[in-house]
Amino acid sequence: MYDVVLLTLGSERDAPGGCGSGGACCGGTTGADTGPTSQTDTGQATSDQPTGQVNTDQAGSDQADTGQCATERPRVPVLACADALNARGARVETVTARSDAEIDAVLARFDGPARPDGLTWPDPDSKTRLVIATASDGQLRAVLRRLVKRYAPAPSKRPADLPGNRTLPDLPPVAVLPLDPARGGTHRDLAAQLGLPRDPAAVAAAVLDGTPRRLDLLRNDGGSVTLDGALLGAADDAGRPLHWRARVEVDDTILTDGAEPLLACAVGNAGGYATLNDVTLLTAPDPADGQVEVAVAVPVVVRSAWGRKRVRLEVRRARGRAVSVLPREGRVPYLDDGVESELTRKRSWWVEPGAWAVWSI
């Protein structure tokens, strides 16, 4: 039978530094992601947090979530999922990680046998399965970022058995346990977009009886990853979009050279940022097609037959393996998997086809 780890991310109240990326809690960031994104030449995984101990929580009373982060004690969905797994004979452990080092301690259980080249590689036959309890896509991203950091080899250590279109091996499948109900509106979380179960018992069934569904991953040169997508741009206090400029390239296609104003730019692995208000930015984002879809919204001044000027919104789109965004002036606010940040220099994303996977029925 399987050993199942139910992992939640702790609140920034619980430990200095927090968990996720950039020293912030739950996948948030206090700025650009920093630090190496691959294993060192000694084959050990890098870490940007001090060593910590995993805090193992026993089943107990539920404590309401008072913020965007998970609370210290398991919430009701976590306890219900643990009960469903126990009823099927699985050995279950609930863990709250409050730092990257504590996340790494859980992920180390997926390490495979020692390789001749010294690389740390995931064990494809592991009997351990991981359920990530998430209150946001940023929390899920925080764990995937640590998986990438653990298993991606340094360029100088790239092994011959790594596919030519990838910079990291197949990551271990994870199950997603959403802690909050599905939200309505145009923005849906990744679990809803993928049609993953939200009921704890159904999540438990997917872990024990399901099959891995492999999905694309976006890596970026800032040291982080993107599961759903990014939306660049901002609005004023009245909700009016602000103009900004940037050079946006998708493979060999230039969507804008940076000379004209932009209202928004969407980088889509999935469809979380497919629409902005009533404007369709992305038409067919697919997290399993090996491509990223990118769109820019450009205000264009046109004249009517009577000579009157009006502004229409032109949406330009392209698909490819990689995208780069180079701001021309100032700071560009953006959301990446729901996490707020600012872009001050060139940022590039590229597709890792089928790099990560979720358990699904």
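About the cut-offs
- Residues numbered from 1 in each chain as written.
- Predicted model: local features only at pLDDT ≥ 70, side-chain atom pairs only at ≥ 80, totals over all residues.
- Heavy atoms only, no water.
- Helix = DSSP H or I, 4+ residues; strand = E, 2+ residues; numbered from the N terminus.
- Buried < 20%, exposed > 50% of the residue type's maximum accessible area, 1.4 Å probe, protein only.
- Contact = heavy atoms within 4.5 Å.
- Areas by Shrake-Rupley, 256 points an atom, 1.4 Å probe, with all protein chains shown as cover.
- Phe/Tyr/Trp six-rings, centres within 6.5 Å; stacked < 30°, edge-to-face > 60°.
- Lys NZ or Arg CZ within 6 Å of the ring centre and 35° of its normal.
- Pairing = 2+ DSSP bridges.
- Core = buried A, V, L, I, M, F, W, Y, C linked by side-chain atoms within 4.5 Å.
- Salt bridge = Lys/Arg side-chain N within 4 Å of Asp/Glu carboxyl O.
- Axes fitted to C-alpha atoms, helices over the stretch in contact; angles between N-to-C directions.
- Parallel < 35°, antiparallel > 145°, perpendicular 65-115°, else oblique.
- Left-handed = near helix turned anticlockwise from the far one by under 90°.
- Nonpolar A, V, L, I, M, F, W, Y, C, P; charged D, E, K, R; others polar.
- Polar contact = N/O pair within 3.5 Å; in protein donor to acceptor, adjacent residues only side chain to side chain.

*Asks:* Describe the overall build of the protein, with residues and values.
*Replies:* Along its length, the protein carries five helices and 19 strands. Each of the 361 residues in the protein was classed as buried or not, and the buried ones make up 52%. Within the protein, contacts between residues at least 6 apart in sequence are counted, and of these 71% link residues at least 24 apart. Total accessible area on the protein is roughly 15700 Å²; 49% of this is exposed by carbon and sulfur atoms.

*Asks:* Which residues make up the packing of aromatic side chains, and what are the values?
*Replies:* Throughout the structure, instances matching the rule amount to zero aromatic pairs. Arg-129 extends its terminal NZ or CZ atom over the ring of Tyr-2, reaching a point 3.8 Å from the ring centre. Between Arg-129 and the ring centre of Trp-359, over which it is positioned, the NZ or CZ distance is 3.8 Å.

*Asks:* So what's going on with helix H2 (residues 100-107)? Residues and values would help.
*Replies:* Counting buried positions along H2 yields seven of eight residues, so the element is predominantly enclosed. Among the residues of H2, those classed as buried are Asp-100, Ala-101, Glu-102, Ile-103, Asp-104, Val-106 and Leu-107.

*Asks:* So, the environment of Asp-336: which residues are in play, and what are the values?
*Replies:* Residue placement: Asp-336 occurs in strand E17 (residues 332-336). Since its relative accessible area comes to 4%, Asp-336 is described here as buried. Separated by 70 residues in sequence, Asp-336 and Ala-266 have C-alpha atoms that sit 9.9 Å apart. In this view, Asp-336 contacts Arg-141, Asn-220, Val-225, Thr-226, Gly-229, Ala-230, Tyr-273 and Trp-349; residues no more than four positions away in its chain are not counted.

*Asks:* For the pairing of strand E8 (residues 229-232), give the residues involved together with the corresponding values.
*Replies:* Here E8 shows no split at all, with Gly-229 and Leu-231 on one side and Ala-230 and Leu-232 on the other all buried. As defined by bridge partners, E8 adjoins E17 across three bridges and the pair is classed as antiparallel. By the bridge assignment for E17, Ala-230 is matched with Asp-336.

*Asks:* Pulling in residues and values, what's your account of unusual backbone geometry?
*Replies:* One non-glycine residue, Asn-277, lies in positive phi territory at about 55°. Mapped onto the fold, Asn-277 is located in the loop between strand E12 (275-276) and strand E13 (279-280). In this model, Asp-337 sits at a positive phi of 55°, which is unusual for a non-glycine residue. Along the chain, the position of Asp-337 falls in the loop between E17 and strand E18 (339-343). Exposure remark for Asp-337: the relative accessible area of 4% places this residue in the buried category.

*Asks:* Break down the nonpolar core for me, with residues and values.
*Replies:* In a soluble, globular protein the nonpolar side chains are often hidden away together inside. Counting 35 residues, the largest nonpolar core has Leu-130, Leu-140, Val-143, Leu-144, Leu-171, Leu-217 and Trp-356 as the members making the most contacts within it. Of the residues forming this core, the biggest block, seven residues, is contributed by helix H3 (residues 137-151). Dropping the residues within four chain positions of it, Leu-130 is found in contact with Val-5, Leu-7, Val-106, Leu-107, Phe-110, Val-143, Val-174 and Ala-175. Listed in part, the 25 residues of the second largest apolar core include Trp-244, Leu-255, Val-267 and Ala-318.

*Asks:* Requested: an account of the pattern of salt bridges, with residues and values cited.
*Replies:* One pass over the structure, following the stated rule, counts 24 salt bridges. Taking the shortest distance from any N to any O, the salt bridge between Glu-93 and Arg-109 comes out at 2.7 Å. Remark: Arg-109 occurs in the loop between H2 and strand E4 (128-134) and Glu-93 occurs in strand E3 (residues 91-97); sequence separation between them is 16 residues. Between Glu-314 and Arg-312 there is a salt bridge, with its nearest N and O atoms 3.6 Å apart. You can call Arg-312 partly exposed: its relative accessible area is 34%. Taken together, the salt bridges that share partners define one network made up of Asp-100, Asp-104, Arg-145 and Arg-146.

*Asks:* Which residues make up the packing of H2 against H3, and what values go with them?
*Replies:* Pairs of packed helices are described in terms of their axes, by the angle between the two and the distance that separates them. Where H2 meets H3, the axes come as close as 10 Å, and the angle between the chain directions of the two elements is 70°. When the axes of H2 and H3 are compared, the pair comes out roughly perpendicular. The element H2 and its partner H3 pack so that their crossing is right-handed. Mapping the contact onto sequence places Asp-100, Ile-103, Asp-104 and Leu-107 in H2 and Val-143, Arg-145, Arg-146, Leu-147, Arg-150 and Tyr-151 in H3. Here the residues of the contact of H2 with H3 are counted per class, giving five nonpolar, no polar and five charged.

*Asks:* How would you summarise the side chain of Arg-75 if you had to cite specific residues and measurements?
*Replies:* Inspection of the secondary structure puts Arg-75 in the loop between strand E2 (55-57) and helix H1 (76-87). Polar contacts involving the side chain of Arg-75 include one to the main-chain carbonyl oxygen of Leu-179, which spans 3.0 Å.

*Asks:* Summarise the packing of H1 against helix H5 (residues 200-209); cite the residues concerned and give the values.
*Replies:* For the pair H1 and H5, interaxial distance at closest approach is 8 Å and the crossing angle is 45°. The angle between the axes of H1 and H5 places the two elements in the oblique class. In the crossing of H1 with H5, the sense of the turn from one axis to the other is right-handed. Touching Pro-77, Ala-80, Cys-81, Ala-84 and Leu-85 of H1 are Pro-200, Ala-201, Val-203, Ala-204, Val-207 and Leu-208, all from H5. When grouped by side-chain class, the residues that make up the contact of H1 with H5 number eleven nonpolar, no polar and no charged.

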